[in-house]
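Structural overview
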Number of protein chains: 2
Amino acid sequence: MLDERKKKILQAIINDYILTAEPVGSRTIARKYNLGVGPATIRNEMADLELLGFIEQLHTSSGRVPSEKGYRFYVDSLLAPMSVSEEDREMLTRWYQAKSLKMEEVFQETARMISHMTHNISLVSAPQLTGCKFKYLQFLPLDEQRVIAVIVTDTGYVDNKIMMIPEGATEEDLRRISESINRRLSGMSIGAIKRSIVEQARDEIIPNEKMVTSAIDTIMDVMTARQKEKVYLGGTTQMLQQPEFRNVDKIQTMLSVLEEESRLNDILQEGAEDGIIVKIGQENKCSDIHNCSVVQATYRIDGEVVGKVAVLGPTRMEYGRIIALLKFMHTHLGNLLKGYRG
Amino acid sequence: MLDERKKKILQAIINDYILTAEPVGSRTIARKYNLGVGPATIRNEMADLELLGFIEQLHTSSGRVPSEKGYRFYVDSLLAPMSVSEEDREMLTRWYQAKSLKMEEVFQETARMISHMTHNISLVSAPQLTGCKFKYLQFLPLDEQRVIAVIVTDTGYVDNKIMMIPEGATEEDLRRISESINRRLSGMSIGAIKRSIVEQARDEIIPNEKMVTSAIDTIMDVMTARQKEKVYLGGTTQMLQQPEFRNVDKIQTMLSVLEEESRLNDILQEGAEDGIIVKIGQENKCSDIHNCSVVQATYRIDGEVVGKVAVLGPTRMEYGRIIALLKFMHTHLGNLLKGYRG
DNA sequence: TGTTAGCACTCAACGAGTGCGAGTGCTAAT
DNA sequence: ATTAGCACTCGCACTCGTTGAGTGCTAACA
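The shown structure was predicted, so the numbers you read here are calculated from the model rather than taken from an experiment.

Side note on the overall build of chain A
Across its full length, chain A holds 13 helices and 10 strands. In terms of overall size, chain A is more extended than a compact globule, its C-alpha atoms giving a radius of gyration of 27 Å where 342 residues would be expected to give roughly 20 Å. Its C-alpha atoms give chain A principal-axis dimensions of about 90 × 40 × 35 Å. Buried positions account for 50% of the 342 residues belonging to chain A. Considering only contacts within chain A whose residues lie at least 6 apart along the sequence, 60% involve residues at least 24 apart. Just so you have it, chain A exposes about 16,400 Å², and 48% of that area is on carbon and sulfur atoms.

Focus: the interface of chain B and chain A
Taken together, the contacts link 37 residues of chain B with 37 residues of chain A. Among the residues chain B hides against chain A, the three largest losses belong to B:T237, B:V248 and B:E259. Together they make up 17% of the total. Here chain B is connected to chain A by 2 salt bridges. Taking the shortest distance from any N to any O, the salt bridge between B:D249 and A:R246 comes out at 3.0 Å. In this assembly, chain B and chain A are joined by 10 residue pairs in polar contact (both at pLDDT 80 or more). By residue class, the composition of the side of chain B that touches chain A is 15 nonpolar, 12 polar and 10 charged.

What to know about the sheet that holds strand 4 (residues 134–141) of chain A
Remark on secondary structure: sheet strands pair via backbone hydrogen bonds, oriented parallel or antiparallel. All names here are of chain A. The 3 strands are arranged 4-5-6 in an open sheet whose pairing can be described as antiparallel. What marks the edges here is a single partner per strand, and that holds for strand 4 and strand 6 (158–164). For this sheet the average axis-to-axis angle between neighbouring strands, irrespective of direction, equals 25 degrees. As judged from the 7 bridges shared by strand 4 and strand 5 (residues 146–153), these two strands associate in the antiparallel manner. Residue pairing for strand 5: F134 is matched across the bridge by T153.

Section: the domain arrangement of chain A
All names here are of chain A. Looking at chain A, the domain boundaries give domain 1 (4–78), domain 2 (86–127 + 229–338) and domain 3 (130–226). The interface of domain 1 with domain 2 comprises 8 residues on the first partner and 14 residues on the second. Carbon and sulfur atoms make up 65% of the area that domain 1 and domain 2 hide from each other, which totals about 920 Å². The interface formed by domain 1 and domain 2 includes 1 salt bridge. The residue E283 makes a salt bridge to R72 at a minimum N-O spacing of 2.5 Å. Remark: the boundary between domain 1 and domain 2 carries 4 residue pairs in polar contact (both at pLDDT 80 or more). Among the secondary structure elements, those contributing two or more residues to the side of domain 1 that touches domain 2 are helix 1 (4–20) and helix 4 (68–78). Examining the composition of the side of domain 1 that touches domain 2, we find that 5 residues originate from one element, helix 4, more than from any other.

A look at the nonpolar core
In summary, soluble globular proteins display a tendency toward joint burial of nonpolar side chains. Among the nonpolar cores identified, the biggest contains 56 residues, and B:L10, B:Y319, B:L326 and B:M329 are the most heavily contacted of them. For this core, the element with the most residues is helix 13 (residues 319–341) of chain B, which contributes 10 residues. Beyond its immediate chain neighbours, meaning those up to four positions away, B:Y319 contacts B:I18, B:Y71, B:Y74, B:V75, B:L79, B:V278, B:I280, B:S293 and B:V295. Counting 54 residues, the second largest nonpolar core, distinct from the first, contains A:I14, A:Y96, A:A111 and A:L326.

Description of the pairing of strand 6 of chain A
All names here are of chain A. Bridge analysis of strand 5 against strand 6 gives 7 bridges, and the strand direction is antiparallel. Bridge pairing links R146 to M164 in strand 6. Remark: 4 residues form the turn of the hairpin made by strand 5 and strand 6, two consecutive strands paired antiparallel; G156 in that turn has positive phi of roughly 95 degrees.

Things to note about the relation of the copies chain B and chain A
For the pair chain B and chain A, the relating rotation is 180 degrees, the translation along its axis is 0.1 Å, and the fit reaches an RMSD of 0.4 Å. With respect to symmetry, the two chain copies, as superposed, fit the operation of a two-fold axis. Every residue of chain B has its C-alpha some distance from the rotation axis, and the shortest such distance is that of B:V248, at 3.1 Å. Most of the interface of chain B is mirrored in chain A, where 97% of its interface residues again form contacts.

Focus: the protein's contact with DNA strand C
A:R5, A:G38, A:T41, A:S61 and B:S26 are the nearest of the 21 residues found near DNA strand C. What you see for DNA strand C is that sugar and phosphate hold 74% of its atoms within 4 Å of the protein. Note that a base oxygen of DNA strand C is positioned 3.3 Å from one of the side-chain N or O atoms of A:R43. Within the side chain of B:S26, an N or O atom sits 2.7 Å from a phosphate oxygen of DNA strand C. Those elements giving two or more residues to the surface near DNA strand C turn out to be helix 3 (39–51) of chain A together with helix 2 (26–32) and helix 3 (39–51) of chain B. Broken down by element, the surface near DNA strand C gets its largest block of residues, 4 residues, from helix 3 of chain A.

Some points on the protein's contact with DNA strand D
In the vicinity of DNA strand D lie 20 residues, with A:S26, A:R64, B:R5, B:T41 and B:S61 positioned nearest. The separation between a phosphate oxygen of DNA strand D and a polar main-chain atom of B:G38 is 3.0 Å. Where the surface near DNA strand D is concerned, the elements lending two or more residues are helix 2 (26–32) and helix 3 of chain A together with helix 3 of chain B. If one sorts the elements of the surface near DNA strand D by residue count, helix 3 of chain B sits on top with 4 residues. The residue makeup of the surface near DNA strand D, split by class, is 3 nonpolar, 13 polar and 4 charged.

Focus on the packing of aromatic side chains
The way to describe two aromatic rings as a pair is by their centre distance and the angle between their planes. If you walk through the whole model with that rule in mind, you get 8 aromatic pairs over all chains. When the centroid spacing of 5.4 Å and the interplanar angle of 20 degrees are considered together, the rings of A:F107 and A:Y232 count as stacked. A residue pair is termed long-range when its members are at least 10 positions apart, and A:F107 in helix 6 (residues 103–118) and A:Y232 in strand 7 (residues 231–234) qualify at 125 residues. Among the aromatic side chains, those forming a connected cluster through ring pairs are A:Y71, A:Y74 and A:Y319. Over the aromatic face of B:F54 sits the side chain of B:K69, whose NZ or CZ is 4.8 Å from the ring centroid.

Quick notes on the layout of surface pockets
Residues and elements named next belong to chain A. Taken as a whole, the second largest pocket holds about 490 Å³ of empty space. Lining the second largest pocket are 22 residues, and of these E244, K250, N291, P314 and T315 sit closest to its centre. Elements that contribute at least two residues to the lining of the second largest pocket include exactly strand 2 (64–66), helix 4 and helix 11 (248–259). Here the lining of the second largest pocket takes 3 residues from helix 11, the largest share from any one element. Class assignment for the residues of the lining of the second largest pocket results in 11 nonpolar, 5 polar and 6 charged. When we break the lining of the second largest pocket down by domain, the ones giving at least three residues each are domain 1 (4–78) and domain 2 (86–127 + 229–338).

Here's the deal with the sheet that holds strand 7 (residues 231–234) of chain B
Residues and elements named next belong to chain B. Strand order in the open sheet formed by 5 strands is 7-3-10-9-8, and the pairing between neighbours is antiparallel. Each having just a single partner strand, strand 7 and strand 8 (276–280) make up the two edges of the open sheet. The sheet shows a mean angle of 15 degrees between the axes of neighbouring strands, taken without regard to direction. As paired strands, strand 9 (residues 292–301) and strand 10 (residues 304–314) are joined by 10 bridges and run antiparallel to one another. Following the sheet pairing, I301 is matched in strand 10 by E304.

Calculation notes
Residues numbered from 1 in each chain as written. Chains lettered and ligands numbered in written order. Predicted model: local features only at pLDDT ≥ 70, side-chain atom pairs only at ≥ 80, totals over all residues. Heavy atoms only, no water. Helix = DSSP H or I, 4+ residues; strand = E, 2+ residues; numbered from the N terminus. Rg over C-alpha atoms; globule rule 2.2 N^0.38 Å. Buried < 20%, exposed > 50% of the residue type's maximum accessible area, 1.4 Å probe, protein only. Contact = heavy atoms within 4.5 Å. Areas by Shrake-Rupley, 256 points an atom, 1.4 Å probe, with all protein chains shown as cover. Buried area = accessible area lost by both parts, 1.4 Å probe. Salt bridge = Lys/Arg side-chain N within 4 Å of Asp/Glu carboxyl O. Polar contact = N/O pair within 3.5 Å; in protein donor to acceptor, adjacent residues only side chain to side chain. Nonpolar A, V, L, I, M, F, W, Y, C, P; charged D, E, K, R; others polar. Pairing = 2+ DSSP bridges. Axes fitted to C-alpha atoms, helices over the stretch in contact; angles between N-to-C directions. Domains from an automatic or database assignment. Core = buried A, V, L, I, M, F, W, Y, C linked by side-chain atoms within 4.5 Å. Least-squares fit on C-alpha atoms with pLDDT ≥ 70 in both. Near = heavy atom within 4 Å. Phe/Tyr/Trp six-rings, centres within 6.5 Å; stacked < 30°, edge-to-face > 60°. Lys NZ or Arg CZ within 6 Å of the ring centre and 35° of its normal. 1 Å grid on protein atoms, 1.4 Å probe; cavity = no way out; pocket = protein on both sides within 12 Å on 5 of 7 lines; lining within 4 Å. Points joined across faces, edges and corners; volume = space filled by probe spheres on them.

Printed below as a string of structure tokens:
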């Protein structure tokens, strides 16, 4: 497809552009990357590469800039598979060691760390409980008017809601209600609960018990709330260091994208095959980030894909380093989280 | 202190500057606000006002800009107490009606709404449990190795942690432990628990029970975590509309302030007398926002101050409207939250 | 035939020079 | 005490020539 020399030149151009963010000219290539040919030759090759669509010129007589096609080729064919540098690896381990150990914070800290290391925005999606099952409900006393409904799932996630006690209900009544609900719904997934409720219209379970309906509502609430996976975000300040964001309007559109949780979910690719995905520019669905790239990795706990880690930045990003970093996360983040579970 | 006409002129200058964000000249004042005097007179008065330190000139032959002292005087003496406009009031009610009803989200939505209405950053601090008391601890079963420790406070806040079951411990043991802990610690504030633990070195309570120490750790964790009040944030995009943030570096410093939760707590004033506080420019402790102002209000539930709402923006902000809005929040937000409790 | 040196050409970026306009301070007249 | 008039100050926008990095093309060369 591309002869060896063209490949080398393209690689040099992209590497240089990633480093400097400035259009790169033939002279620069000849000087910095000694390919054994003069600038004139490189000019000719560059003209070819431009015709083929791998690089672009902003205007006549400016250096060349990689096109999206160019980046795509770079990522697919020119990038030697690399692993995280010694430096990065050290940073990684140190980061986690220094921090406290709350499960919830691991996601946030991971996002923060990645954004610090890459100077780009980082997204970390927390495990979703799609598959998890309702285990039991228990009422705990609070005061005369209210009880706490605690909902436990089989994966160990716990949530609670405060509920009013209907007039005249005794402690015994509450125990009876929770037992009855647990008997019927325990072990069911949220989908199953929904179906079950629709089938036997909910107030048939125990007729005329307001408490039951609101208890079930609570269960549904908690479980659906958890089903939407939460996306943690880091590095909005970091991104400002990138020269492509020295423009306030770009910052504004980017920030408004990041403010909407739904848009964040659009950025993280659904179908999530297990591994690394790189989406360059227009390949992104979300049109507001058409001049950005996303590198995304899944991570697993006990072999099952439970979440994603991603880096979002200008198309001109350090693909090599970022891919290596996310590959590392892909294999290690799950284990790390597992450790935090206890 | 200031004769009537000077006051009027100062007011006109500040109003105009708040509106336009451009230095305002004598001619403008004379034309737009007919004070019955010509521009030359106004020039003389402005020269006086400048000498007194209420207004400043960026360079000779530019219009005047209010100084911090000017804003201070404006807020203290020139601002007629006003209530929220019909428009704003409508927006307020509509906003809350349209949204769903989760307690946690009320803070976030409030911040978002205020920032939308004012085009400034908004901070809402959630109720802190400083004064609250530990009520009881209960273990709920999870699986063979683990239990869920649920901690309940007297204000109805519930949190939980997953704990490993020590080898050989039976369900009965757990019940005994929780009972023992509850007997000793129930009704105590976190400070009291800390003291109590120091006094009777913790493993004396029930000697040699690892479970007890980690249960108490859990209680401490949960209660200290809640003691730091969480601050919700809204309007990072909104602030970019302000002309003073058309500069990337300013955005950067501002965003990095907002990223650190500790800095947010610095912005919200501690001593929090019950009412509205306006801090202008240098009056702010946090040096990174020395060219910003903060308007802050407390809000109460059942008469007790539980949190704060604030607006953060350039010193050139619509003090009148914002103060009115926060006064409204001061009186109504508590009630609103109370409604969501159920 | 591929490579290179040389040359003319292009175009953004920079800086100096200019005119304009909004604004001021001062002074003298009202 | 107020104001009209005038000279003066600057920032801002605009123009225009210069510079420099870069290109494409052509002819010479190995």
